Amino acid sequence: MNIPYTSEPSGSYWLNRLLHYRPSLLDYAEDLFQAVTAHIPRTLARSILGAPTTDPIGLSLEGTLMFADIDGFTPLAERFAQAASEEGAEELTELVNRFLEI
């Protein structure tokens with residue numbers, strides 16, 4: 001069996017070297033990931049976790065977009081953000097969706 005020679009180390013090699021010298025970067029990346037996934041649908045977060053990629057991620061959906069000024073929404077959103085639950089964004093979305101069904 002003839003294995004081709006490559007002088008270029010793989011991406012995982014460089015990642016391991018980087019984490020060897022800067023292990024705190026892994027904690028930073030996990031915190032960043034938690035912050036980002038709190039604002040995207042769970043299905044998209046699961047697909048990112050299931051098949052990580054460096055390519056741009058896009059999701060094509062059919063739907064309607066509504067812009068509205070909801071009185072008192074900012075304090076409400078802040079209360080959900082400070083709640084013990086990590087699913088505050090999901091809960092707030094469900095609450096708004098219930099009002100839109102009326």
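Above this text is the structure in question.
Residues numbered from 1 in each chain as written. Predicted model: local features only at pLDDT ≥ 70, side-chain atom pairs only at ≥ 80, totals over all residues. Heavy atoms only, no water.

## Examining the packing of aromatic side chains
Then comes step 1: Overall, the coordinates contain one aromatic pair when judged by the stated rule.
Then comes step 2: Where Tyr-13 meets Trp-14, the ring centres are 5.0 Å apart and the plane angle is 75°; that geometry is what we call edge-to-face.
Then comes step 3: We classify Tyr-13 as partly exposed; its relative accessible area is 38%.
Then comes step 4: By relative accessible area, Trp-14 is classed as partly exposed at 47%. (Phe/Tyr/Trp six-rings, centres within 6.5 Å; stacked < 30°, edge-to-face > 60°. Buried < 20%, exposed > 50% of the residue type's maximum accessible area, 1.4 Å probe, protein only.)

## A look at the environment of Gln-34
Then comes step 1: Relative to the helices and strands, Gln-34 is located in helix 2 (residues 24-37).
Then comes step 2: Judged by relative accessible area, which is 45%, Gln-34 ranks as partly exposed.
Then comes step 3: Note: C-alpha distance between Gln-34 and Ala-45 (11 residues apart in sequence) is 9.8 Å. (Helix = DSSP H or I, 4+ residues; strand = E, 2+ residues; numbered from the N terminus.)

## With respect to the packing of helix 4 (residues 73-82) against helix 5 (residues 88-101)
Then comes step 1: Following both chains from N to C, one finds helix 4 and helix 5 inclined at 140°, their axes separated by 9 Å at the closest point. With respect to their mutual orientation, helix 4 and helix 5 come out oblique. Residues Phe-73, Leu-76, Ala-77 and Phe-80 of helix 4 touch helix 5, and the partners they reach there are Gly-88, Glu-91, Leu-92, Leu-95 and Val-96.
Then comes step 2: Its residues placed into classes, the contact of helix 4 with helix 5 shows seven nonpolar, one polar and one charged. (Axes fitted to C-alpha atoms, helices over the stretch in contact; angles between N-to-C directions. Parallel < 35°, antiparallel > 145°, perpendicular 65-115°, else oblique. Contact = heavy atoms within 4.5 Å. Nonpolar A, V, L, I, M, F, W, Y, C, P; charged D, E, K, R; others polar.)

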